[in-house]
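This is what each chain is made of:
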Amino acid sequence: MGLLLASCAKLASEAIERIQSHQEIHRLAQNLESSIGQLDKERKKVEQEKVQKENILDSIPLGLLLLNEQGMIRCRNPAAGKILPPRLLEGKKPFTEAFPDGMLSKAREAVLQGERFSRWATTLSEPSEDSTRTYQWGLVPVGRESNGETALLCILQDVTEERILQRQLLEAARMASVGELAAGTAHNLRSPLGAVKGILELLLEELDAGRIACYATDTETARPTRTVKEQLQIVLKSLDKSFSIIDDLLQFARRPDRPPEKLRLQGVLEGAEVLLAELFKERGIRVEKALDAQDLFGRKADLMQVFLNLYSNAYKAMPEGGILTIESRSTVRQPGNIPFIEVVVTDTGYGIPADHIPKIFDPFFTTSGRVEGTGLGLSLTRKMVKEHGGSLEVSSTLGKGTSFLLTLPTYPDGLPGRPEAPV
Ligand SMILES: Nc1ncnc2c1ncn2[C@@H]1O[C@H](COP(=O)(O)OP(=O)(O)OP(=O)(O)O)[C@@H](O)[C@H]1O
Ligand SMILES: [Mg+2]
């Protein structure tokens, strides 16, 4: 009986155990099911995000190339195929060696050694298409590949059209300087020519009145040719023609007469910087500003031209990049304690030799070569600053850099708000 009871107890405990493990299995199965459901949700979410990311990569106009450590293309977005010539994407040699200036190759080495590499621009000529295009690009590390190597992302933008536009804007700015000089010259020519015309008219009157009579003679035959009167009339006609050319030129070159106004220095500087920002960035020129004074008074277009000329000179003086600093402070000019602003534009370029310093404000003095410069920039800049009642001075150390000190009025004479001169 005892034995029976014992075996019954054993059976019962085994049954309970089995029931327990059954429940366990059931619980496990439920857990598993909910985990699978969760995983499925996550998978769908990841797939959705993947599609979204792919759509973004496919639709942005930037070329994106994923490269391995050797610089070979692993994958790319469609825009890369549109902006780059197909031969660069064939993948026979590393993409980092595709550009002739070798900068992308250097960037690869720098990035692999843990250095930071920002942006650069490379010009690429395609003889087959007879075109030259400029690409701005950057290279950044983007984590590790499965073999432990660093993956690199090359971001490319075709900036050809922008560059052409920038050059045209600079050219337009330079032509504006030339136009201004032409207008000045035309104006200056008018006075002496006017005097010549007056004397000729007087002479004609004298001839008409019979007070002078003379003939011009042919030098060989010594016979009278045209009368002096006739000749004077021809000269007068030519003079009238010259006047009409001068007037046309003055008419054409006349700037819209915008009156001087109250301005903020920051706004004027930005107007000039916009034109050169990309060129500065491309060459690694940093602009630093410490503007302790902002108010100035003048014609905005002229003052923007002033800073554009100074900036463009600094750009030419820093072929390897550098720092362009603009500082400003308030000052007063004597007599009369008139408030002025001082602006100092300093570059870290190659500087100006001492024997050039007295000549740089002369019209047509240039060391830039005929294509790069007319030598009119600084002479017109100083002229415009003087027209504003200001001054422009230079100081320079060869091999270190150049500083231009500009003073400009803060208020016009008599404008309300101008502090009264102490009595
Ligand atoms: N920041 C500077 N650093 C070194 N040299 C300068 C600087 N600014 C001017 N110069 C010298 O002064 C010369 C005259 O400058 P200016 O601006 O009048 O003419 P340019 O720059 O040569 O030509 P343009 O302005 O007509 O394009 C320059 O050719 C250069 O030799
Ligand atoms: Mg210049």
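Residues numbered from 1 in each chain as written. Chains lettered and ligands numbered in written order. Predicted model: local features only at pLDDT ≥ 70, side-chain atom pairs only at ≥ 80, totals over all residues. Heavy atoms only, no water.

### A short note on the site of ligand 1
Residues in close proximity to ligand 1 total 22 residues, the closest being Lys-316, Thr-366, Thr-367, Ser-368 and Thr-374. Here an oxygen atom of ligand 1 and a backbone polar atom of Leu-378 are 2.8 Å apart. Within the side chain of Thr-402, a nitrogen or oxygen atom sits 3.5 Å from a nitrogen atom of ligand 1. Among the secondary structure elements, those contributing two or more residues to the shell around ligand 1 are helix 8 (300-317), helix 9 (377-387) and strand 14 (401-409). Top element by residues in the shell around ligand 1 is helix 8. It accounts for three residues. For the shell around ligand 1, a count of residues per class yields eight nonpolar, ten polar and four charged. (Near = heavy atom within 4 Å. Polar contact = N/O pair within 3.5 Å; in protein donor to acceptor, adjacent residues only side chain to side chain. Helix = DSSP H or I, 4+ residues; strand = E, 2+ residues; numbered from the N terminus. Nonpolar A, V, L, I, M, F, W, Y, C, P; charged D, E, K, R; others polar.)

### Details of the pattern of salt bridges
Enumeration over the complete set of coordinates arrives at 15 salt bridges. Here Glu-47 makes a salt bridge to Arg-43, at a shortest N to O gap of 3.1 Å. Of this pair, Glu-47 and Arg-43 both sit in helix 1 (residues 2-59), four residues apart, roughly one helical turn. For Glu-273, the salt bridge goes to Lys-289, with nearest N and O atoms at 3.2 Å. Placement of the pair is Glu-273 in helix 7 (residues 265-283) and Lys-289 in strand 9 (residues 285-291), with a sequence separation of 16 residues. For Glu-273, a relative accessible area of 15% translates into the label buried. The class for Lys-289 is partly exposed, based on a relative accessible area of 32%. (Salt bridge = Lys/Arg side-chain N within 4 Å of Asp/Glu carboxyl O. Buried < 20%, exposed > 50% of the residue type's maximum accessible area, 1.4 Å probe, protein only.)

### Regarding the sheet that holds strand 9
Adjacent strands of a sheet form backbone hydrogen bonds with each other and so pair up, either parallel or antiparallel. Taken together, five strands build an open sheet; the order of strands is 9-11-12-14-13 and the sheet is mixed. Every interior strand has two partners, whereas the edge strands, strand 9 and strand 13 (391-397), have only one. Between one strand axis and the next, the sheet turns through 15° on average, direction left out of account. Here eight bridges tie strand 12 (residues 338-347) to strand 14, and the two strands are oriented antiparallel to one another. Within strand 14, the position partnered with Val-344 by the bridge is Leu-405. Each of strand 9, strand 11 (322-333), strand 12 and strand 14 is contacted by helix 8, which is oriented at about 25° to strand 12, the strand it contacts most. Lying over the sheet, helix 9 contacts strand 13 and strand 14, oriented at roughly 140° with respect to strand 13. (Pairing = 2+ DSSP bridges. Axes fitted to C-alpha atoms, helices over the stretch in contact; angles between N-to-C directions. Contact = heavy atoms within 4.5 Å.)

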